[in-house]
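# Geometric and topological summary
Chain residues, written in single-letter form:
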Amino acid sequence: MQKEPSDSHGKKAWIDQLPVSKTITAIETDSMGKGLDTLSVEYLKLDDQHRKRYSKKINWIDKEKTVRIDYFSPDGTLFFQEVYLTEDILFARFEAHS
């Protein structure tokens, strides 16, 4: 794989090319352990050194869906994040500038 760019837009595009390394599914129940409270699916992308570089987490809570997408630098620092109320309604965006 080619060398990772130094700018945040280049890093993001480089990370987008990585394959999904792991998928985590979680089911949470209410405090009584009876009712379904939260269902989530998280997709992780790891680099060649097994560092987490990308996370996309989809949560369903009380029939509401949120999507959070995080991009990480090699040292684990968050440099870009988007949170959606659905797949296509952007709620918040964070971008670190170097």
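In what follows, the structure referred to is the one given above.
Here we summarise the structure given alongside this text. (Residues numbered from 1 in each chain as written. Predicted model: local features only at pLDDT ≥ 70, side-chain atom pairs only at ≥ 80, totals over all residues. Heavy atoms only, no water.)

Here we take up the packing of aromatic side chains. On inspection of all chains with the given rule, the structure shows three aromatic pairs. With a centroid separation of 5.2 Å and an interplanar angle of 75°, the aromatic rings of tyrosine 54 and tyrosine 71 are classed as edge-to-face. With tyrosine 54 in strand E3 (residues 52–61) and tyrosine 71 in strand E4 (residues 64–72), the pair connects residues that are 17 residues apart, well separated along the chain. Each member of the pair, tyrosine 54 together with tyrosine 71, is buried. A network of ring pairs unites the aromatic residues Tyr54, Tyr71, Phe79 and Phe80 as a single cluster. Here the guanidinium or amino end of lysine 11 rests over the ring plane of phenylalanine 79, the centre of that ring lying 5.5 Å away. When the ring centre of phenylalanine 80 is taken as origin, the NZ or CZ atom of lysine 12, which lies over that ring, is 5.0 Å away. (Phe/Tyr/Trp six-rings, centres within 6.5 Å; stacked < 30°, edge-to-face > 60°. Helix = DSSP H or I, 4+ residues; strand = E, 2+ residues; numbered from the N terminus. Buried < 20%, exposed > 50% of the residue type's maximum accessible area, 1.4 Å probe, protein only. Lys NZ or Arg CZ within 6 Å of the ring centre and 35° of its normal.)

This brings us to the pattern of salt bridges. Enumeration according to the criterion identifies five salt bridges in this entry. Arginine 68 is the salt-bridge partner of aspartate 70, the closest N and O atoms lying 3.0 Å from each other. According to the relative accessible area criterion, aspartate 70 is buried, its value standing at 6%. Through salt bridges with shared partners, one network takes in Glu4, Asp47, Arg51 and Arg53. (Salt bridge = Lys/Arg side-chain N within 4 Å of Asp/Glu carboxyl O.)

This brings us to unusual backbone geometry. The backbone of histidine 50 sits at a positive phi, close to 65°, despite the residue not being glycine. Residue placement: histidine 50 occurs in the loop between strand E2 (36–46) and E3.

Mapped onto the secondary structure, aspartate 70 falls in strand E4. One polar contact links aspartate 70 to arginine 68, side chain to side chain, over a distance of 3.0 Å. Within polar-contact distance, the side chain of aspartate 70 engages the side chain of glutamine 81 at 2.8 Å. Leaving out residues up to four positions away in the same chain, aspartate 70 has contacts with Arg53, Tyr54, Ser55, Leu78, Phe80 and Gln81. (Polar contact = N/O pair within 3.5 Å; in protein donor to acceptor, adjacent residues only side chain to side chain. Contact = heavy atoms within 4.5 Å.)

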